[in-house]
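# Descriptive structure summary
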Amino acid sequence: MSGSAHFEPLIDRIYEAGLIPSLWPAVLGELSAAIGGNGGFLFGVRDGYTSAVNSVEYDQLMPVFLGEWSERDPNLPRAIALNHAGFVTDYDLLSEEEIATNDVYCNFYRKHGLGYRAGTIIPMPSGDSIAIVMPRHQDHGPVPREVVALLDGLRPHLARASLAANRIGFERARAQADALQVLGLPGAVLRGRGRVFAANGLFEALVPSLFQDRIERVTMTDVTADALLAEALGPRSLAGGRTVRSIPVAATADRVPMVLHVIPVRGDARDIFTQATALLVVTPVDRAVVPTAEVLQGLFDLTPAEARVARGIGQAVTIDALADATGVNRETVRSQLKAVLSKTGLSRQQELVSLLAGKAFRGG
């Protein structure tokens, strides 16, 4: 590209971000500054915008866009349909009348000084895509063709850095799963709406007897556990991302009872490239011994008091005896037991006893 020497430091930074994902917000800002833009965005794309990183000035604005406006943005479906291997502008995708009257343009983009933009879509080997969008304040007019040409010159570098980030993300996910194997735990990293992205050998040994990797998401042959897994992998649950979901898996003649932990993946820009959404960790429960209160607390995210109640119930201790032993009234113990059942996804006290005793319960 013409004047490429001028952009060599920026190109170096782009490749650096491919290796260190936390640098992408700064690189987007530097890229914008180099073309006279107004910050920058990098989106994960899979059936619409799924996640994003942005230059720092849009930290507050990005959640608003993803939460309220992204599904109505006309640019993404038009850009996907156009399938142009380069940067495009608003006028490549929309008519002048559409730009002047579209709800997202009128009530979001112009309101926040993002009246025009140039963007590109970069496909990933995983089947997802990365969209890079460079906005421009409407007072400065549409993005000029010479700026599009400069961005096209940088696009191969952006694509290679994105592919590197995707590959590193997969290797990191695989290493995470393998680390669980060292601990003797089956584990898998899920992507998108719940498909297996990387798994260790212990997890793969549970396929297809317990887990099955379907087109939509990973499923379980235990119907009760699968209903809880579907809920845990739902968009609302993963979007919250604050707590680990722990799901009991009933014993069978060939399998000890287990607890499945669904741990939301949160954090930095590498998740944009891998679309990793959750880590599954399977913890077998020794059918010969009721787990200690400390183990129960860790297995099901219980409070210490809830864990003591769960252990007591597993040992067939009555609610009255638990109340006497802990110095609280019966209603407090009942309330704690109710919380235990809620956190374990069970509906009856006997199901908890059966789980901890290594027996299958009805619906398993």
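Residues numbered from 1 in each chain as written. Predicted model: local features only at pLDDT ≥ 70, side-chain atom pairs only at ≥ 80, totals over all residues. Heavy atoms only, no water.

In this structure the tally under the stated criterion is 15 salt bridges. The partner of Asp128 in a salt bridge is Arg46, with the nearest N and O atoms 3.2 Å apart. On the criterion of sequence distance, the pair formed by Asp128 in the loop between strand E4 (116-123) and strand E5 (129-136) and Arg46 in the loop between strand E1 (41-45) and strand E2 (49-54) is long-range, its members being 82 residues apart. On the accessibility criterion, Asp128 (3% relative accessible area) is buried. Among the salt bridges present, the one from Arg193 reaches Asp47, with a minimum N-O distance of 4.0 Å. Highlighted residues: Arg193 in the loop between strand E6 (187-191) and strand E7 (195-199) and Asp47 in the loop between E1 and E2, separated in sequence by 146 residues. (Salt bridge = Lys/Arg side-chain N within 4 Å of Asp/Glu carboxyl O. Helix = DSSP H or I, 4+ residues; strand = E, 2+ residues; numbered from the N terminus. Buried < 20%, exposed > 50% of the residue type's maximum accessible area, 1.4 Å probe, protein only.)

Glancing now at the packing of helix H1 (residues 8-19) against helix H8 (residues 145-182). Here H1 crosses H8 at 15 degrees, and the two axes come no closer than 7 Å. With respect to H8, the element H1 is oriented roughly parallel. Pair H1 / H8 crosses with right-handed handedness. Touching Leu10, Ile11, Ile14, Tyr15, Gly18 and Leu19 of H1 are Leu154, His157, Leu158, Arg160, Ala161, Ala164, Ala165 and Ile168, all from H8. Of the residues belonging to the contact of H1 with H8, the class tally is eleven nonpolar, two polar and one charged. (Axes fitted to C-alpha atoms, helices over the stretch in contact; angles between N-to-C directions. Parallel < 35°, antiparallel > 145°, perpendicular 65-115°, else oblique. Left-handed = near helix turned anticlockwise from the far one by under 90°. Contact = heavy atoms within 4.5 Å. Nonpolar A, V, L, I, M, F, W, Y, C, P; charged D, E, K, R; others polar.)

Here we take up empty space enclosed by the protein. Taken as a whole and judged by the stated rule, the model has two cavities of 30 Å³ or more. Estimated volume of the largest cavity: approximately 280 Å³. Taken together, 25 residues form the lining of the largest cavity, with Tyr49, Asp73, Tyr109, Arg117 and Val133 sitting closest to its centre. Secondary structure elements with two or more residues in the lining of the largest cavity: E1, helix H3 (61-69), helix H4 (75-82), strand E3 (88-89), helix H5 (90-93), helix H7 (103-109), E4 and E5. Here the lining of the largest cavity is built from residues that sort into 18 nonpolar, four polar and three charged. Approximately 40 Å³ is the volume attributed to the second largest cavity. If you go around the second largest cavity, the residues you meet are Ile35, Gly36, Gly37, Ala118, Met134, Pro135, Arg136, Val143, Val147 and Leu151. Taken together, the elements giving at least two residues each to the lining of the second largest cavity come down to E5 and H8. Per element, the largest residue contribution to the lining of the second largest cavity is three residues, and it comes from E5. The residue makeup of the lining of the second largest cavity, split by class, is seven nonpolar, two polar and one charged. (1 Å grid on protein atoms, 1.4 Å probe; cavity = no way out; pocket = protein on both sides within 12 Å on 5 of 7 lines; lining within 4 Å. Points joined across faces, edges and corners; volume = space filled by probe spheres on them.)

Helical geometry note: an α-helix holds 3.6 residues per turn, so side chains three or four residues apart project in the same direction. With 38 residues, H8 extends 54 Å from end C-alpha to end C-alpha; this agrees with the ideal 56 Å at 1.5 Å per step. In the structure, H8 departs most strongly from a straight axis at Leu154, where the bend amounts to approximately 40 degrees and where the proline Pro156 lies between one and four residues downstream. Gly184 sits one or two positions beyond H8 and adopts a positive phi of about 80 degrees. (Expected span 1.5 Å × (residues − 1). Bend = angle between axes of the 7 residues up to and from the residue.)

Bringing the side chain of Thr120 into the picture now. With respect to the element layout, Thr120 can be found in strand E4. From its side chain, Thr120 meets the backbone oxygen of Gly86 in a polar contact 2.9 Å long. With sequence-adjacent residues up to four places away left out, Thr120 is seen in contact with Gly86, Phe87, Ile130, Ala131, Ile132 and Arg155. (Polar contact = N/O pair within 3.5 Å; in protein donor to acceptor, adjacent residues only side chain to side chain.)

Turning to the pairing of E1, a few remarks are in order. Within E1, five of the five residues are buried, leaving the element largely enclosed by the surrounding structure. Residues of E1 alternate between two faces, with Phe41, Phe43 and Val45 on one and Leu42 and Gly44 on the opposite face, all of them buried. A loop of three residues connects E1 with E2, the two strands running antiparallel in sequence, and Asp47 in this loop sits at a positive phi of about 55 degrees. Here E1 pairs with E5 via five bridges, running antiparallel. In the strand pairing of E5, Phe41 is matched with Val133. (Pairing = 2+ DSSP bridges.)

This part takes up the confidence of the model for the protein. Averaged over every residue, the pLDDT of the protein is 86; the share at 70 or more is 88%. For the protein, helix H11 (residues 235-240) is the element with the lowest average pLDDT, namely 65, and E3 is the one with the highest, namely 97. Across residues 360-364, where pLDDT falls below 50, the model places 15 contacts with residues more than four positions away in sequence or in other chains. (pLDDT = per-residue confidence, 0-100.)

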